[in-house]
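Examination of the molecular architecture
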There are 2 protein chains.
Amino acid sequence: MASPVERLADLLVNFGANVQKGQILDVGSGLGKEELTRAIAGSAYKRGAKFVDVHYWDPYLKRERVQHAPEDVLDFVPPWYGERTLQLGEERGATISLSGPIEPHLFDDLDQERLGRDVFPRVKEWTTVINERTVNWCVAPGPSDKWAQLVFPDLEPQAALDKLWEQVVHICRLDEDDPEAAWRERSSVLKGVAQRLTDLRFDAIHFEGPGTNLTVGLLPTSRWIGGGDATIDGIPHMANLPTEEIFTSPDPERTEGIVRATKPLTTQGRIVDGLTVRFEAGRAVQIEAESGAETLRAMVAQDEGGARLGELALVDREGRIGPLDTVFYDTLLDENAASHVALGSAYDAAVGDEDRERLSRSSIHVDFMIGSSEVDVTGITRDGDRIAVLRNATWQI
Amino acid sequence: MASPVERLADLLVNFGANVQKGQILDVGSGLGKEELTRAIAGSAYKRGAKFVDVHYWDPYLKRERVQHAPEDVLDFVPPWYGERTLQLGEERGATISLSGPIEPHLFDDLDQERLGRDVFPRVKEWTTVINERTVNWCVAPGPSDKWAQLVFPDLEPQAALDKLWEQVVHICRLDEDDPEAAWRERSSVLKGVAQRLTDLRFDAIHFEGPGTNLTVGLLPTSRWIGGGDATIDGIPHMANLPTEEIFTSPDPERTEGIVRATKPLTTQGRIVDGLTVRFEAGRAVQIEAESGAETLRAMVAQDEGGARLGELALVDREGRIGPLDTVFYDTLLDENAASHVALGSAYDAAVGDEDRERLSRSSIHVDFMIGSSEVDVTGITRDGDRIAVLRNATWQI
């Protein structure tokens, strides 16, 4: 049997990004993820990819930049990064991005305001390409040594890495006889829930639990999406693998109340722990945390949309990540363990044309987890009725 | 005292590429050279660089491509690589490229014809930018583990790496109290020899030694260059560090005879050993070698200029590389140990405007060493007189 690395690579190429013959495949990787990256390249070329364009991210370069770059160029990104991103869309390329921290705590001692201003390697043109749906893309976990040691600090390095791979194999359903079939099945459940929620046409969603009393208003045409995506040319792909969520783009002006994060989040290489955010008229007006608050505040202050919600996502307990009760310190995995919201840019595809102009626009998109079995999720209809959506993290609709 | 890594980084940034405040610095690095790369980034930001744009090359990706990519896309490079290269010139950026093999022998078992067709990460637009002199660039050695073990196979890995660093420190003159002053002194010697050779206006250069009887014709305006460069905006830089050569662009139609390489060369990750090349009317018509001949033949067949000489360079025994008597399996270091020629593209700056159209143009530029203390180098004047240029690798002019 092929190794877990080869099986994950094949799943990402053949099913996740669904790379087509003749496509250019962009791979956003990082140092420490070389073996999986090379397996992805091999798998893609075997499938007929035209070129596999790999970028290895080195977080130490960001450290040098934040420490030493002149103040006025900290947010500069050379124009060719945006242009190649737009070209990848025009050429109808594919993308695989490998998630997972490379060097945890590397940025802890840096000036957090300067760190927050340097958003590279995030390139704002990706938002355009994703909204235009011209690229079949997939974000997936790329296990590495130091990530494993962060998640399993009590294990020896090799045992930690083995354990992380074991969990990734499980949550990516690679332990099924036919992983793609298992994903198609889960996908159809998520699509069903999304359709029922869309049909209910809620005016708002209310979250209530320990430290949380938050109402997120929806737009008249907000629709729920989950279980997979397709490009404008009809190429099906899984934007996230694993994916256990259904999500929509909320009204950026109607979030009210206070919310306590139910898991740490990692952004800009910083772990934000014990986060509480208070919203007024759609804006995050107060951000408190036990660690990393300044980084998040600096990111949110990047632009007008940074303080508004661009995404609202619901996750039930049937997914494979939540039951592991592991904090992965990786947005992709942690966000698919629990319901969550994201500050910053919204997804066009989750609203009708007439509401598109109203969506939150921002250079950032920062997810944080707000769901757990203790948080009740309730839909509020346009008539003010309350309908249970999630209780004990189980669908009620 | 700073570590060798930091001292080399500072020399490359401050003197080699001579990075200016506000410039974008492109760094062509490779896996295994991370520490030096990060030190270069830190040094450049301290000097006021606007952005340090690093690419880590992973030769295993080329291996996957050559093994598995469809036949018709092996020479494809996404358009954004050329465009970013031209933009770097338009923006007046700087470049540092780190040389030295990353994973020797990784390509030995591949189909050599397919390997020869995949020239990435070479991007042909670099030739344009270099000829336009819009970028202050520097190629320098980037020591790494496996390179050290290739050069010093009898030493333990750490001892080999230490020894390679020790030699790099020496040949980069970092063991001098003031390395930049030492380089300015060597540079002025090379500039003096280049000027005297140019003033002699030779019609051809003749090489004669064991297995070699080669005449390389020069163009009427061929001029000799060495000891440093400057951009069109007058920024001085060292295109190679170390540099011990003086070079010119020959007449692509007037090389005749046979030449035996005096050192192995490394191209496309393949070591070409025991090379002999026969030229007729400027073209390499026969290429033989103990290893790697097919790779070189495939490269030369890329285009019309691939079989013609684009460079002729002379090196004396006063340089620091030759006396070490080490084969580095790295063109930068080995070519500065001995006189050499290059197949492929020529340098515009080495001829007058009226001869520019006649130069060799190619997507390749492959140097190989033809000089040693046993090879006599003689200039032939336009009247047919013979004037000794190098005897026992010592300048006679």
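1. Quick look at the domain arrangement of chain A
All names here are of chain A. According to the domain assignment, chain A consists of domain 1 (4-142) and domain 2 (201-395). Each of domain 1 and domain 2 has a C-alpha centre, and these two points are 23 Å apart. Contact residues are listed per partner, giving 37 residues for domain 1 and 35 residues for domain 2. Between domain 1 and domain 2, the buried area comes to about 2800 Å², and carbon and sulfur atoms account for 56% of it. For the domain 1 face of the interface with domain 2, the top three residues by lost area are Gln-112, Asn-131 and Arg-133, together amounting to 21%. Scanning the region where domain 1 abuts domain 2 turns up 2 salt bridges. Residues Arg-270 and Asp-108 are paired through a salt bridge, measuring 3.1 Å at the closest nitrogen-oxygen approach.

2. Notes on the pairing of strand E5 (residues 204-209) of chain A
Residue and element names in this part refer to chain A. Sheet analysis places E5 next to strand E6 (residues 212-218), joined by 6 bridges and oriented antiparallel. In the strand pairing of E6, His-206 is matched with Thr-215. Hairpin connection between E5 and E6: a loop of 2 residues separates the two successive antiparallel strands, and Gly-211 in this loop has a positive phi of roughly 75 degrees. In the sheet, E5 pairs with strand E19 (residues 376-380) via 5 bridges, with the strands oriented antiparallel. Across the sheet, the residue bridging to Glu-208 is Asp-376, located in E19.

3. Some points on the sheet that holds strand E3 (residues 94-99) of chain B
Residues and elements named next belong to chain B. The parallel open sheet is built from 4 strands, whose spatial order is E2-E1-E3-E4. Of all strands in the sheet, those bounded by a partner on one side alone are strand E2 (51-57) and strand E4 (136-141). Along the sheet, successive strands turn relative to each other by an average axial angle of 15 degrees, direction set aside. With 6 bridges joining them, E3 and E4 adopt parallel strand pairing.

4. Here we look at the nonpolar core
Core analysis: the largest hydrophobic core is formed by 130 residues, its most contacted members being Ile40(A) and Ile40(B). For Ile40(A), the residues in contact, after removing those within four places along its chain, are Ala9(A), Leu12(A), Val13(A), Leu25(A), Val27(A), Ile96(A) and Leu98(A).

5. Let's talk about the packing of aromatic side chains
In this structure the tally under the stated criterion is 10 aromatic pairs over all chains. Consider the rings of Phe51(A) and Phe120(B), whose centres lie 5.1 Å apart with planes at 85 degrees: the pair is edge-to-face. Taken as a pair, Phe51(A) in strand E2 (residues 51-57) and Phe120(B) in the loop between helix H5 (112-117) and helix H6 (125-132) lie in two separate chains rather than in one. With respect to class, Phe51(A) is no different from Phe120(B); both count as buried. Seen in terms of ring centroids, Trp57(A) and Phe120(A) are 5.8 Å apart; in terms of plane orientation they differ by 70 degrees. Their pairing is edge-to-face. Pair noted here: Trp57(A) is in strand E2 and Phe120(A) is in the loop between helix H5 (112-117) and helix H6 (125-132), with a separation of 63 residues, a long-range link. What links up through ring pairs into an aromatic cluster is the set Phe51(A), Trp57(B), Phe76(B), Tyr81(B) and Phe120(B). We note Lys50(B) situated over the ring of Phe76(A); from NZ or CZ to the ring centre the distance is 4.2 Å. Of note, Arg173(B) hangs over the ring of Trp183(B), and the distance from its end group to the ring centre comes to 4.3 Å.

6. Remarks on the interface of chain B and chain A
Think of interface size as the accessible area that goes away when the parts come together; that is how it is often given. Contact with chain B, which involves 38 residues of that partner, is made by 38 residues of chain A. Approximately 3500 Å² of surface area, both sides summed, lies buried where chain B meets chain A, with 70% of it carried by carbon and sulfur atoms. Scanning the region where chain B abuts chain A turns up 2 salt bridges. Put simply, Arg38(B) and Asp58(A) hold a salt bridge, and the shortest N to O gap is 2.8 Å. There are 10 residue pairs in polar contact (both at pLDDT 80 or more) connecting chain B and chain A. Counting residues per element, the ones that place at least two in the side of chain B that touches chain A are helix H2 (34-46), E2, helix H3 (59-68) and helix H4 (79-90) of chain B. Across the side of chain B that touches chain A, the residue classes break down as 21 nonpolar, 6 polar and 11 charged.

7. As for the sheet that holds E2(A)
Residues and elements named next belong to chain A. If you walk across this open sheet you meet the 4 strands as E2-E1-E3-E4, and the pairing is parallel. Single-partner strands in this sheet number two, and they are E2 and strand E4 (136-141). Averaged over neighbouring strand pairs, the angle between their axes works out to 15 degrees when direction is ignored. Strand direction decides the pairing type here: strand E1 (residues 24-30) and strand E3 (residues 94-99), joined by 4 bridges, are parallel. The residue bridging Val-27 from the neighbouring strand is Ile-96, located in E3.

8. Quick word on the relation of the copies chain B and chain A
The two copies are related by a screw operation: chain B maps onto chain A through 180 degrees of rotation and 0.0 Å of translation along the axis, at an RMSD of 0.0 Å. Considering both components of the superposition, the chain copies are consistent with a two-fold axis. Relative to the rotation axis, the C-alpha of Tyr56(B) is the closest in chain B, positioned 3.2 Å from it. Interface overlap between copies: 100% of the residues of chain B at the interface are likewise at the interface in chain A, consistent with a symmetric, same-surface contact.

9. Structural notes on the environment of Gln268(A)
Residue and element names in this part refer to chain A. For Gln-268, the location among the structural elements is in the loop between strand E12 (265-267) and strand E13 (270-272). Residue Gln-268 is classed as buried on the basis of its relative accessible area of 14%. In this structure the C-alpha to C-alpha distance between Gln-268 and Asn-392, which are 124 residues apart in sequence, comes to 32 Å. Look past the residues within four positions of Gln-268 in its chain and what remains in contact with it is Lys-62, Phe-107, Leu-115, Gly-116, Asp-118, Val-119, Thr-295 and Met-299.

10. Examining the environment of Glu125(A)
Residues and elements named next belong to chain A. Within the secondary structure layout, Glu-125 lies in helix H6. For Glu-125, a relative accessible area of 19% puts it in the buried group. Along the sequence, Glu-125 and Tyr-81 sit 44 residues apart, while their C-alpha atoms lie 8.5 Å from each other. The contacts of Glu-125, once residues within four sequence positions are left out, are Gly-82, Thr-85 and Leu-86.

11. Overview of the pairing of strand E11 (residues 250-260) of chain A
Residues and elements named next belong to chain A. For E6 and E11, the ladder comprises 5 bridges, and the chain directions are antiparallel. If you follow Leu-214 over to E11, its bridge partner there is Gly-257. Pairing of E11 with strand E14 (residues 276-280) involves 4 bridges; the strand directions are antiparallel. Across the sheet, the residue bridging to Gly-257 is Phe-279, located in E14.

12. Looking at the side chain of Glu34(B)
Position of Glu34(B) relative to the elements: it lies in helix H2. For the buried Glu34(B), no salt bridge exists, and the shortest N-O distance to an oppositely charged side chain is 5.7 Å, to Arg38(B). Setting aside residues up to four positions removed in sequence, Glu34(B) forms contacts with Leu31(A) and Tyr56(B).

13. Re the packing of helix H3 (residues 59-68) of chain A against H2(B)
Here H3(A) crosses H2(B) at 20 degrees, and the two axes come no closer than 9 Å. As the angle between them shows, H3(A) and H2(B) are arranged roughly parallel. As for the relative orientation of H3(A) and H2(B), their crossing is right-handed in sense. Residues Tyr60(A), Leu61(A), Glu64(A), Arg65(A) and His68(A) of H3(A) form the contact with H2(B), whose participating residues are Thr37(B), Arg38(B), Ala41(B), Gly42(B), Tyr45(B) and Lys46(B).

What counts, and at which threshold
- Residues numbered from 1 in each chain as written.
- Chains lettered and ligands numbered in written order.
- Predicted model: local features only at pLDDT ≥ 70, side-chain atom pairs only at ≥ 80, totals over all residues.
- Heavy atoms only, no water.
- Domains from an automatic or database assignment.
- Contact = heavy atoms within 4.5 Å.
- Buried area = accessible area lost by both parts, 1.4 Å probe.
- Salt bridge = Lys/Arg side-chain N within 4 Å of Asp/Glu carboxyl O.
- Pairing = 2+ DSSP bridges.
- Helix = DSSP H or I, 4+ residues; strand = E, 2+ residues; numbered from the N terminus.
- Axes fitted to C-alpha atoms, helices over the stretch in contact; angles between N-to-C directions.
- Core = buried A, V, L, I, M, F, W, Y, C linked by side-chain atoms within 4.5 Å.
- Buried < 20%, exposed > 50% of the residue type's maximum accessible area, 1.4 Å probe, protein only.
- Phe/Tyr/Trp six-rings, centres within 6.5 Å; stacked < 30°, edge-to-face > 60°.
- Lys NZ or Arg CZ within 6 Å of the ring centre and 35° of its normal.
- Polar contact = N/O pair within 3.5 Å; in protein donor to acceptor, adjacent residues only side chain to side chain.
- Nonpolar A, V, L, I, M, F, W, Y, C, P; charged D, E, K, R; others polar.
- Least-squares fit on C-alpha atoms with pLDDT ≥ 70 in both.
- Lys, Arg positive; Asp, Glu negative; His and termini not counted.
- Parallel < 35°, antiparallel > 145°, perpendicular 65-115°, else oblique.
- Left-handed = near helix turned anticlockwise from the far one by under 90°.

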